[in-house]
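A closer look at the structure
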Amino acid sequence: MQFDVAFALSTVPTILGAIGMTLLVAAVSCVGASAIGFGLELIRRSGGLGGLFVRFLIDFIRATPVLVWLYCLYFILPFYGIRLGALATGMIGLSLYYSGYLAEVFKAGIDAIPNGQAEAARALGIGRMDITIFVIAPQMLRNIAAPMGNYFVSILKATPYLAVLAVPEMLGRAFDIASETYRYAEPLTVAGLIFLGLALLISHAIKRLEIRLLGPTAR
Amino acid sequence: ETAKERILREGKIVIGIHNRTPWGFRDEATGEAKGWHPDLLRAAFAELGVKEIDIRVTEFGALIPGLLAGRFDAVASGLSITPERCRQVAFGTPDLKVHDAAIVLTGNPKQIHGFEDIVSQKIIMGAGRGSVSVRNATVAGVPEGNMLLFPDIEANISALRSGRIDVTVLSSPTVIGLLASGKLKGLESADPFVTTDEQATYAAVAFRSEDGDLRALWDERLLALTKDGTVGKVMARYGFGETEVVPDTVTVEKLCGTAGADK
Amino acid sequence: MTQTDDKPAVQITSLNKWYGAFHVLKEVNLTIPSGSRFVICGPSGSGKSTLIRCLNGLEAYQQGTVTLGTIRLGDNARETALARRQTGMVFQSFNLFPHLTVLSNCTLALRRVPSMPRKEAESLARHFLEKVRIPEQADKYPAQLSGGQQQRVAIARALCMNPRLMLFDEPTSALDPEMVKEVLDVMTGLAHDGMTMICVTHEMGFAREVADQVVFMDQGSIVEQASPSAFFATPNHPRARSFLNTLLH
Amino acid sequence: MTQTDDKPAVQITSLNKWYGAFHVLKEVNLTIPSGSRFVICGPSGSGKSTLIRCLNGLEAYQQGTVTLGTIRLGDNARETALARRQTGMVFQSFNLFPHLTVLSNCTLALRRVPSMPRKEAESLARHFLEKVRIPEQADKYPAQLSGGQQQRVAIARALCMNPRLMLFDEPTSALDPEMVKEVLDVMTGLAHDGMTMICVTHEMGFAREVADQVVFMDQGSIVEQASPSAFFATPNHPRARSFLNTLLH
Amino acid sequence: MSMLEIWLGILQGFRVTALVTLYGLVFAIPFGLIFGVAQYLTTGPARFVVTSVIEFWRSSAVIILLFVFYYALPLAGLALSAMTVSAMVLGLNIGGYASQAVRAGLQALDRGQKEAGHALGLSRATILLRIELPQALVAMSPTFINQLIQLVKATSLVSLVTLTDMTFRAKEISQIEYDPVPIYSSLLLAYFIVCYPVALFGRWVERRINPAREARRAV
Ligand SMILES: Nc1ncnc2c1ncn2[C@@H]1O[C@H](COP(=O)(O)OP(=O)(O)OP(=O)(O)O)[C@@H](O)[C@H]1O
Ligand SMILES: Nc1ncnc2c1ncn2[C@@H]1O[C@H](COP(=O)(O)OP(=O)(O)OP(=O)(O)O)[C@@H](O)[C@H]1O
Ligand SMILES: [Mg+2]
Ligand SMILES: [Mg+2]
């Protein structure tokens, strides 16, 4: 079996046809995971029973594989009367799963902000909510652009797991081609290169964003 | 040394399976290979002194790549003969006729008895990604949007149970094996599920193209086993009947079409 | 600035605070009349920062009362919040918001807390930036300023809230020697305007020139309180004497 | 400590350094005789740290020469390394190794560079810890010490290498006022032992008491060099005058 | 099968999960250390090469790498065992992430540490080994522990290359049982039991490294 470049090129349009689905799932999951993760982190910081529960929840999420989560959401929840579509399950599953990781990232980002920032804001009489939105969150973002970008890349790379839910994303398309033609090397290499390209693109964009965020305010 | 010579010398053959009843699976109790093709292989090679059947379990999609990469000597997991596959591997004599069958909820509430019902009632159908059933369904007019393609059979069953699909279309031996396991509470096979002869496929053991001598040996042994009734016994063991018998007119060459002629 | 002159600006009675088992403030009593300037000094770890932070609710305490004007802290959540807003604080490490321009640093609280319209908030902020003599830096980010300029922004930011009382916690100790003077000059200006001020500092020149009273703390207690002239000339407490010695070596 | 008295300890000629387009050191010439104590002062950003860092190879420079004793830096890699080892440096922020005990901080370089046996290195280290008056802290970690103690460990660590020249870059400016004196006392002791010292500091009391010469830098140039008494009494350069003014307000 | 039987059945895959993890560490640790340090020390073209190697392993989709290394490389004459391929691909993928932590840890160190070493006349190697690395590795150890958990969970992909790990055992059982609720709950539990203690250990290390951090609540 030789690597057939012409065949590889012929698979590109089919595989790229699913790039929209892959990007949609990845983008929605990145936003969802960030939002849920930030919420979880705020609850954890507020302490109390809710904080303890969230602490456990975050470690629980981190201690279990994403695939099992997707299975549970898709195949087990319907037994309890909750029926989500495959796409919704995939996006919710990835969002929930990675929210545990992003909560950790947010924690580190917030911990790195000197105490004095919140104190100065409190001393000015600014309310808790406003401190979080206007003082903590923007500074946190500057601290965590890089690790957050890493997890965005991870989310992108996790989209092939949605194959178990019959969501037609790029790697699934590549396997479709493979199972029709029984040539594996070409479609998988093409899919691999597209994923690698997308991942590098995201990393690069995050680096640019980080530089812009730090721009005039860094010393 | 060819693969055949090595196998005979070592008394061991390595087969690839994707762990699927009744095709080829690891027995939970003994850890040995069982199933339609492993049983035939064992019977075929035992007399030649090849006593050990070493199994490599992998995903269905990795069976042919694994064979080509030399990870095992044969795929003994119910692979169907198709012209595309013939370009990659060398199939032995077809040994089982396979047609589509369907599993539905007990009582078959939507009265599904063929692809026409699925098309006319706009039923959501499940099937295995890359399986022959998908191709048959497409030809029969089932729109892509009404098919959910899962990577494995458990997912199909789970999806059926959780109401995500109304029917899953699988190969008849698979359905027979599933129902024989007695684990499909609340499910049954859609009886009858009408198919045409054009939709039928034929399973065979697959070898590497360059191992022509090994394939020839297998074909020879398989013929002998058919004659002495061993094949019939194995068929009965897995609940296969008349409908699964391969007609004499069907040959590898015909099934491979022009593609097989290249080899 | 109008002051309720009949009431002291700050009244601290029997204040006690513990960090776990560590008794950090011990029976602190202090009365600070409106319009007066107090300097607090003492060795490191003696509780100066803790005391001053108790005055605007950055630290909780276990015993005693703190009354700001007519409001006793902790009695009533709404009133306590009001009292805190009327207390400005300047930190040793400036604590400017690095992601906001100088102007936004000053207007953030105005726009949020009394919900002042943008225009009005900005003109108020510019007024105070002028007062601390850096009106031209309004659109820069904190990182683009020298330490002395940053601390002056911090003072302007606190002044924007129109505080009745200003708290300073070692405002010059993180500064380069040349910049100390810029900040002390601004503080002296405020003192001359009649602002009530409590200032933790080791700048004895400033204490001598500006303070009404010098308070000396040691190990969580106020061990001496006197006018600057009396304190520098004849410190009573032996700890204060040795402290002044090392300071003025 | 023996010194090669015929040669100056440090000889800087026509030193020029740029950071990109920014000319940070401009034609600096300076001769520091063996056994002398120089204090360098000047406004922030005038290049004091950069100059002192050029003396032990922490900064590269583009023009000019730096000669330590008989060795011209950069001529010969082995000799340069030797000269650097004979130069001790104490930083403003201590830069102790937080993962090592005080004793290991002091012995690390001894055990590596001259490969001294453990016993010998430790007894040498304890000797210098005694000299800086903290022998009892040998087994603690830096984080368990006060700032003044940490800086004294840093001095002991540098002394262990038996340097011919000690460089200090604002060794007291990160310290609490009471701890400044501890460190200055140790430094004064070293000066009285005859150690050649170059010290960037704004502690004018120390300069007056200990220094042979005060060097005043501004914008990358040495603009004035004089004995302390002359410098404090009648600074020639207008920038030096205004600087002394703000410092001694 | 009872829940307990299912669970014990899944545990039969534990040996492979553990072996791939441990063997994976043999790849991950040296790769993370060497490439992290190399990226920290190099500049210019050398750094570009180092970064490219790291990015390849870090940003590629693991499934595709497993497939290519196991099924395509033998065609080029290099037949590695399933265990070696799994350990190498998963190990180097995690090692790629670890290298970023190593580099970040080194970069985050106060510059004064290196300078103090130079001023004492220590060689660059001694400074790296005795001063910088010990501090950076300790500071980043919670990250490394998280990455260890990631590695354990990533072993769920090795069934693609014929290894029978816990996830694959669950699939095997599910094709006898066809009863997703107990099977996937058991699988969730199996991973949880393996990973949660590690996660807790990570939390403990985190607190020990920076006791102040727990107490610090900026929000
Ligand atoms: N969060 C805390 N938990 C435990 N102890 C604390 C805490 N904050 C401060 N302390 C201790 O309380 C004592 C008083 O601290 P405080 O900061 O008020 O001193 P200070 O007089 O301001 O000192 P400095 O001049 O160094 O700023 C110190 O011994 C300090 O170690
Ligand atoms: N790595 C660098 N790149 C560019 N400019 C630098 C760099 N390091 C220092 N500078 C600039 O060089 C000038 C001299 O710096 P240096 O640290 O020597 O000043 P200094 O006299 O020690 O000041 P200070 O009293 O604040 O310590 C400053 O203007 C500084 O901004
Ligand atoms: Mg304090
Ligand atoms: Mg300096």
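Definitions and cut-offs
- Residues numbered from 1 in each chain as written.
- Chains lettered and ligands numbered in written order.
- Predicted model: local features only at pLDDT ≥ 70, side-chain atom pairs only at ≥ 80, totals over all residues.
- Heavy atoms only, no water.
- Helix = DSSP H or I, 4+ residues; strand = E, 2+ residues; numbered from the N terminus.
- Buried < 20%, exposed > 50% of the residue type's maximum accessible area, 1.4 Å probe, protein only.
- Contact = heavy atoms within 4.5 Å.
- Areas by Shrake-Rupley, 256 points an atom, 1.4 Å probe, with all protein chains shown as cover.
- Lys, Arg positive; Asp, Glu negative; His and termini not counted.
- Charge placed at Lys NZ, Arg CZ, Asp CG, Glu CD.
- UniProt positions renumbered as here; feature names shortened; annotations may be inferred.
- Pairing = 2+ DSSP bridges.
- Buried area = accessible area lost by both parts, 1.4 Å probe.
- Salt bridge = Lys/Arg side-chain N within 4 Å of Asp/Glu carboxyl O.
- Polar contact = N/O pair within 3.5 Å; in protein donor to acceptor, adjacent residues only side chain to side chain.
- Nonpolar A, V, L, I, M, F, W, Y, C, P; charged D, E, K, R; others polar.
- Least-squares fit on C-alpha atoms with pLDDT ≥ 70 in both.
- Near = heavy atom within 4 Å.

What to know about the overall build of chain E
A tally of helices and strands in chain E yields 10 helices and 0 strands. Of the regular secondary structure in chain E, the N- to C-terminal order runs α-α-α-α-α-α-α-α-α-α. Taking the principal axes of its C-alpha atoms as reference, chain E extends roughly 70 × 55 × 30 Å. Buried positions account for 59% of the 219 residues belonging to chain E. Counting contacts in chain E only where the partners sit at least 6 residues apart, residues at least 24 apart contribute 76% of the total. With an accessible surface of roughly 8400 Å², chain E has 69% of that area assigned to carbon and sulfur atoms. Counting 17 positive and 11 negative side-chain charges, chain E places the centres of these two groups 11 Å from one another.

Remarks on the UniProt feature "domain: ABC transporter" (unreviewed entry) in chain C
The feature "domain: ABC transporter" (unreviewed entry), as given by UniProt, occupies residues 10-244 of chain C in the numbering adopted here. Along residues 10-244 of chain C the backbone is 39% helical and 26% strand, and the end-to-end C-alpha distance reaches 27 Å.

Focus on the pairing of strand 11 (residues 167-171) of chain B
Residue and element names in this part refer to chain B. Of all 5 residues making up strand 11, 5 are buried, and the element is well covered by its neighbours. One ladder, built from 2 bridges, connects strand 9 (residues 125-128) with strand 11; its direction is parallel. Residue pairing in the sheet places Met 125 in a bridge with Val 167 of strand 11.

Quick notes on the pairing of strand 9 of chain B
Residues and elements named next belong to chain B. Residues Met 125 and Ala 127 point to one face of strand 9 and Gly 126 and Gly 128 to the other, with burial holding for every one of them. Relative to strand 10 (residues 147-150), strand 9 is paired through 4 bridges, and the arrangement is parallel. Paired with Met 125 across the two strands is Met 147, which belongs to strand 10.

As for the sheet that holds strand 4 (residues 63-68) of chain C
Residues and elements named next belong to chain C. The sheet built from 4 strands is open, its strands ordered 2-1-4-5 with antiparallel pairing. Because the sheet does not close on itself, it has two edges, and the strands there are strand 2 (22-32) and strand 5 (71-72). For strand 4 and strand 5, the ladder comprises 2 bridges, and the chain directions are antiparallel. Note on strand 5: the bridge partner recorded for Leu 68 is Ile 71.

Digging into the interface of chain A and chain E
Note on interface size: it is often stated as the accessible area lost on association of the parts. In this assembly, 50 residues from chain A lie in contact with 39 residues from chain E. Summed over both sides, the interface between chain A and chain E buries roughly 4100 Å², with carbon and sulfur atoms accounting for 63% of that surface. Of the charged contacts, one joins E:Arg203 and A:Glu104 as a salt bridge, the two residues approaching to 2.8 Å between their closest N and O atoms. The interface formed by chain A and chain E includes 12 residue pairs in polar contact (both at pLDDT 80 or more).

A look at the interface of chain C and chain D
Contacts between chain C and chain D engage 15 residues on the former and 15 residues on the latter. Joining chain C to chain D, the criterion identifies 2 salt bridges. With a closest N to O distance of 3.3 Å, C:Glu178 and D:Arg239 form a salt bridge. Remark: the boundary between chain C and chain D carries 4 residue pairs in polar contact (both at pLDDT 80 or more). Elements with a contribution of two residues or more to the side of chain C that touches chain D: helix 6 (177-192) and helix 9 (238-247) of chain C. In terms of residues, the side of chain C that touches chain D owes the most to one element, helix 6 of chain C, which gives 5 residues. Along the lines of polarity and charge, the residues of the side of chain C that touches chain D split into 6 nonpolar, 4 polar and 5 charged.

Structural notes on the side chain of D:Arg37
All names here are of chain D. Residue position: Arg 37 is located in strand 3 (residues 37-41). Here the side chain of Arg 37 touches Ala 191 through a polar contact of 3.4 Å, landing on its backbone oxygen. Those residues within four positions of Arg 37 in sequence are excluded, and the remaining contacts are Ala 191, Gly 194, Met 195, Met 197, Val 210, Ala 211, Asp 212 and Gln 213.

Comments concerning the relation of the copies chain C and chain D
For the pair chain C and chain D, the superposition axis carries a translation of 0.1 Å, the fit reaches an RMSD of 0.1 Å, and the rotation angle comes to 180°. Taken together, the rotation and translation relating the two chain copies correspond to the operation of a two-fold axis. For chain C, the minimum C-alpha distance to the rotation axis belongs to C:Ala174 and amounts to 4.1 Å. Of the interface residues in chain C, 100% have counterparts in chain D that sit at the interface too, so the contact is made through matching surfaces.

Re the site of ligand 2
All names here are of chain D. Every residue near ligand 2 is listed here: Tyr 19, Phe 22, Val 24, Pro 43, Ser 44, Gly 45, Ser 46, Gly 47, Lys 48, Ser 49, Thr 50 and Glu 170. Within the contact set of ligand 2, a nitrogen atom lies 3.4 Å away from a side-chain nitrogen or oxygen of Tyr 19. Residue assignment for the shell around ligand 2 shows that the elements contributing at least two residues are strand 2 (22-32) and helix 1 (48-54). Looking at the shell around ligand 2 element by element, the count peaks at 3 residues for helix 1. Classifying every residue of the shell around ligand 2 by side-chain character gives 4 nonpolar, 6 polar and 2 charged.

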